[in-house]
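Understanding the architecture of this molecule
The residues making up each chain are set out below.
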Amino acid sequence: MIGLFLGTLRWDDVTFVEFWRTPDLNNAIAAAAAGLLVLGVVATLILLTVRGWWRPLWRDWLTSLDHKKIGIMYVALALVMFARAVAEANVMRAHQATAALDAGLVAPDHFAELFSTHGTIMIFLVAMPLLTGIMNFVMPLQIGARDVSFPLLNAISLMLTAAAAGLVMVSLVLGHFSTGGWSGYPPYTGADISPGEGPDYWIWALTLSSIGSTLTGMNFAVTLYKRRVQGMHLFRMPLFCWTVLCTSILMIFAMAPLTLATLMLWLDRHAGFHFFTVGSGGDMMNFANLFWLFGHPEVYILILPAFGVWSEVFSTFSGKRLFGYLSLVYATMAIAVLSFTVWLHHFFTMGQSANVNAAFGIATMLIGVPTGVKVYDWLLTMMFGRVRLRVPMLFANYFLVTFLLGGVTGVLLANPTVDYGVHNSLFLVAHFHNMLIPGTLFAMLAAIHLWFPKAFGFRLHEGWGRAVFWLMAPGFLLAFMPLYAMGMMGGMRRTAYFSDPLFRPWLWAAEAGAVLILAGFAALVVQIVVSVRRRDALAVPAGDPWDGRSLEWLGPAPAFEFNFAGEPKVEDVDAFTALKAQGEAYRRQETYEDIEMPRNSAVPVVIGALAGLAAFAMVWQAWATAALAFAGVWAVVIGRSFVRDTERTIPAAEVEAAHRAWLADVAAATPVHRRDELTPENRGLAEEPL
Amino acid sequence: MSDDHDLPRSEDVGEAAERRQYIRGAVATLALTLAAFGLVGSGYVSGGTALVVLCTLAIVQIAAHFRFFLHIDLARSHRDDLQLILFTALIVALMVGGTVWILFDQHTRM
Amino acid sequence: MTPDRILPTCLLFFAVGAPAAAQEQGFLWAAGPVAEAQRAHFVSILWWMAVVTVPLLIGLPLILWRYRLNGGGGRYRRDWGASPLAEVAIWSVPVVVVGFLAWNLWHATLSLDPYRPLGPDPLEVQAIAAEGHFLFLYPDEGIVTVDRLLLDADRTARLKLTSVDVLRSVMVPRLAGQIYAMPGMTTELNLAAFAPGTYAGLNTQYSGPLFPEERFETEALPETNWHARIEATRDGAGPLPPDVLQRIAMGDGAEAYLAADADLFARIAAPSSHGAHR
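Rules used throughout
Residues numbered from 1 in each chain as written. Chains lettered and ligands numbered in written order. Predicted model: local features only at pLDDT ≥ 70, side-chain atom pairs only at ≥ 80, totals over all residues. Heavy atoms only, no water. pLDDT = per-residue confidence, 0-100. Helix = DSSP H or I, 4+ residues; strand = E, 2+ residues; numbered from the N terminus. Contact = heavy atoms within 4.5 Å. Buried area = accessible area lost by both parts, 1.4 Å probe. Salt bridge = Lys/Arg side-chain N within 4 Å of Asp/Glu carboxyl O. Axes fitted to C-alpha atoms, helices over the stretch in contact; angles between N-to-C directions. Parallel < 35°, antiparallel > 145°, perpendicular 65-115°, else oblique. Left-handed = near helix turned anticlockwise from the far one by under 90°. Nonpolar A, V, L, I, M, F, W, Y, C, P; charged D, E, K, R; others polar. Buried < 20%, exposed > 50% of the residue type's maximum accessible area, 1.4 Å probe, protein only. Pairing = 2+ DSSP bridges.

Residues and elements named next belong to chain B. Looking at chain B, pLDDT values average 82 and 82% of them are 70 or higher. Looking across chain B, the model is least confident in helix α3 (residues 79-109), with a mean pLDDT of 88, and most confident in helix α1 (residues 15-41), with 91. Predicted confidence is poor over residues 1-11, with pLDDT under 50, and the contacts of this stretch with residues over four places away or in other chains come to 19 contacts.

Quick look at the structure:
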């Protein structure tokens, strides 16, 4: 009976018990990681209780359906998960660097667990939540909307993603995660070779997060189609919104094959199915096919929002219109469509005919055209501008240079002939980190620096921001240039130790780079703390700290809960710049109207918790618990559909008061020249550039 | 928020008419589903014939979903909706076509 | 190192100046016609890509300097957002470059297909990838070698690949690229060496805790030595036991066997031998 509720979970599965039974270095590292997690959770709980933050946390954040708060929570979740995954990267490199001398730090299976969690977390629980968070915060503001089309669904997506993160975190303490890498190919992840709970943790974490992302994609696409303010034609949307639209469409189509593939793998493992079992009519090659049918569009899901951020950064910090807006829009669309025609390049070496490989290779290389166009459009955006190398701009220019290298190695890998030689090697690892670190991660850091003032009302400390940049930028080069070299010398990914002693200096260099990136992350934490402490000197209540160009900069910082007091007028791509030029950005309104906003709801939290419990129970084959939790999810969904009173009204008087308070802040602020934008004089009012 | 992207016109036709449409849709799709299972379960069709019959029923099923549940038909289709459907068809064709090509090629070689 | 090798080495290794040339393992140190063609193809792509990358590397610092906020000498045109001439250039140059690269790709991919024989009358070898070890069966010679592939340097070789349990990938980097070895399936890889020598071979796909040990030596011998070596191996080897895979896994295997069991490869590569249980 207890088995129905606890499944196969036993005392021995607790990491601490494992360490107690076999106290070696490997288990000590596992127990230390689990201990850090438990301590972190306990410390957070104590802090919340002592400070009396439970109520505000519940009322203002967890139950909020405000897209801005949901966006901020996504980013916070991503940063927590980043801390773990970057620490894992450090452990892996330290292990590889020392393994040539003796046994290294961790056992081979533990090493495999590390590269599997590192990849899974970085893709699904760092990169995806980071960009989903930024899109959530920025996109509705940029199109002049009050919220996304489906605010409740938005919060449910967040809570499903958080549940996936919780599941991966729990695997630190209870049992083990998969050892099959982030791509989890059978037959290795099949029941015969990996019978334990590991692949099931992977399957259910991915299932939760992919469902969340599918819902997000639908939500954002509908929002962009239906919620644009009057005058905001599709071709007046800021470029970031175009990339959000393309990303959302990719999410809708690309996540389905992944959800399908992981569920089919689960059926193979536990229900006697044979989708991927060769002997019984199944085909493991179809797993690779389905996984990369998701996996390649996923690459562009990760990079397109970054392209959007860079477009905003280059034009804002050059004080100038974006060059080649139409080019950039069409290039973005082209990339989105082409991204569905290239997935085979992840398995050129599976033995299909040369003409199949050649066709997919050429399709892959075609993506180089719109990407190259974008790079030059950004370069020309800075031309005839007044370029200010603030922190986001440092990241952006660093990106331009490193992206060239990533692009060249990408074109190399698009050639089946070259891929046969470097597939599965560290060259490949270096290539995709080259795209994902300067591309996605640095873009999101730039986005955080750019939009932080709009979210919290004060700028981030510039000096510490530079520290983040100057630690992470060389850190990336040091960590991944050696991998290009090792890859071309026959070093393969996922190798726990290299017997060739000549690899050792390269490994130490890579480890040093990983340490620098970790230090950069620490600097980011310090930067946030320092900025909070000095928030009065950094405050920008008038709302426009960078002489912004699009609608999100209209209104105070932090933004109104209802985003805009009235409907902003849009007559240009750079809508806010036009308003400022016409002197209409800070004008009083004649009339104010009541505003309907979504009421807070506990439904998303409950759904997230129950879905997480169901997934956890599925991992441990606790069928009764899983069935109850799953039924609970649907009971809540059905119950919620009977609730009619889901909106609340903000009276016109309250809107008027808030709007006037902001106009008073604007009146009190002195317009600053861009030269002085880092000084305390910058209260968020920009001087008209000459 | 703006006038040019208002809700689908089906919102205007009145609740009774809309309910009738949903009921018709439910009956049609259920009938199609039962027909598919029935034909195969009874052994009335098999092999290549079954494949053709099932594919046909599936396509009619998709059309019924569009017509009755998603309120998309040729006459008053919104341009955005039509574009999105064509785009979806393109992406599905790419994914399915590519998969079939790859897997059949691999099948003949190993 | 020839200039052709210096270029990619410099471009990609600029982070650390370690003695790359000493570690001749990858395809840049080609020792066979396929790897040599891969290397040439690799280098030609780098040159072509320079057409797109070099202007940016030159233009970026110039623009950053000329248009900087404090004291930059450039004109400020805040509404400059389109220029038909520039747009045509930035679309057409990548189109032309990618067009040439695609043409190259098509020809290189068809001519370097790993399934394509590299010469007449190749040496037939059947490779079985198992946990921690590789078995090479020579059907015409009637022997089996473990973790060692004996090639005749004057003859090309055709490998049939399969794997016992999980997906693996077989490569001898200095001779040619890799192809997956999958349970229940047979794939093919053709090899040829320019000259006699010993070349490292390996599995590149993570397969479990023993993955780093899944390596083998490829010995390409001059023709007469090869025949002598095969004879010597045959004389010194015992018969292939039916449980050879288990024995090797236990560390109880020999270096070579007589292949009495001609069907071993066919049996392992048969789909029906996999996963029919549970």
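Okay, back to it.
Let us now look at the interface of chain A and chain C. Counting residues at the interface gives 109 residues for chain A and 91 residues for chain C. When the two sides are added together, the surface that chain A and chain C hide from each other amounts to roughly 8,900 Å², 72% of it contributed by carbon and sulfur. A per-residue breakdown of the area chain A buries against chain C is headed by F384, Y420 and M488 of chain A, which together make up 9% of the total. At the boundary of chain A with chain C, the tally comes to two salt bridges.

Our focus in this paragraph is the packing of helix α6 (residues 108-142) of chain A against helix α7 (residues 151-173) of chain A. Residue and element names in this part refer to chain A. For the pair α6 and α7, the least separation of the axes is 11 Å and the interaxial angle reads 155°. The orientation of α6 relative to α7 falls into the category roughly antiparallel. Relative to α7, the crossing made by α6 is left-handed. Residues I121, F124, L125, P129 and N136 of α6 form the contact with α7, whose own contacting residues are N154, T161, A164, A165 and V168. Grouping the constituent residues of the contact of α6 with α7 by class yields seven nonpolar, three polar and no charged.

Below, the discussion takes up the pairing of strand β2 (residues 133-138) of chain C. Along any regular strand, the residues point their side chains to alternate faces of the sheet. All names here are of chain C. Burial analysis of β2 places five of its six residues in the buried class, which makes it a mostly covered element. In this structure, strand β1 (residues 123-130) lies alongside β2, joined through five bridges in antiparallel fashion. Across the sheet, residue Q126 finds its bridge partner in β2, namely L137. Where β1 hands over to β2, the hairpin turn is made up of two residues, of which G132 adopts a positive phi near 85°.

This part covers unusual backbone geometry. Residue and element names in this part refer to chain A. The amide bond that connects P186 to the next residue, P187, takes the cis arrangement and shows omega of 0°. Tracing the backbone shows P187 in the loop between α7 and α8 (198-226). A cis amide bond links A557 with the next residue in sequence, P558, at an omega value of -5°. Inspection of the secondary structure puts P558 in the loop between α19 (535-538) and α20 (575-581). Even without being glycine, R494 reaches a positive phi, approximately 60°. By the element assignment, R494 lies in the loop between α17 (462-488) and α18 (504-533). On the basis of relative accessible area, R494 is assigned to the buried category, the value being 14%. Although it is not a glycine, N563 adopts a positive phi angle of roughly 65°. Topologically, N563 is positioned in the loop between α19 and α20. Assessed through its relative accessible area of 1%, N563 is described here as buried.

Turning to the pattern of salt bridges, a few remarks are in order. Residues and elements named next belong to chain A. In this structure the tally under the stated criterion is 31 salt bridges over all chains. Close ionic contact of E88 with R84 constitutes a salt bridge, the shortest N to O distance being 3.0 Å. Pair noted here: E88 and R84 are both in helix α5 (residues 67-99), with a separation of four residues, about one helical turn. The buried category is assigned to E88, whose relative accessible area is 7%. It is possible to trace a salt-bridge network through shared partners that takes in R388, R390, R674 and E677.

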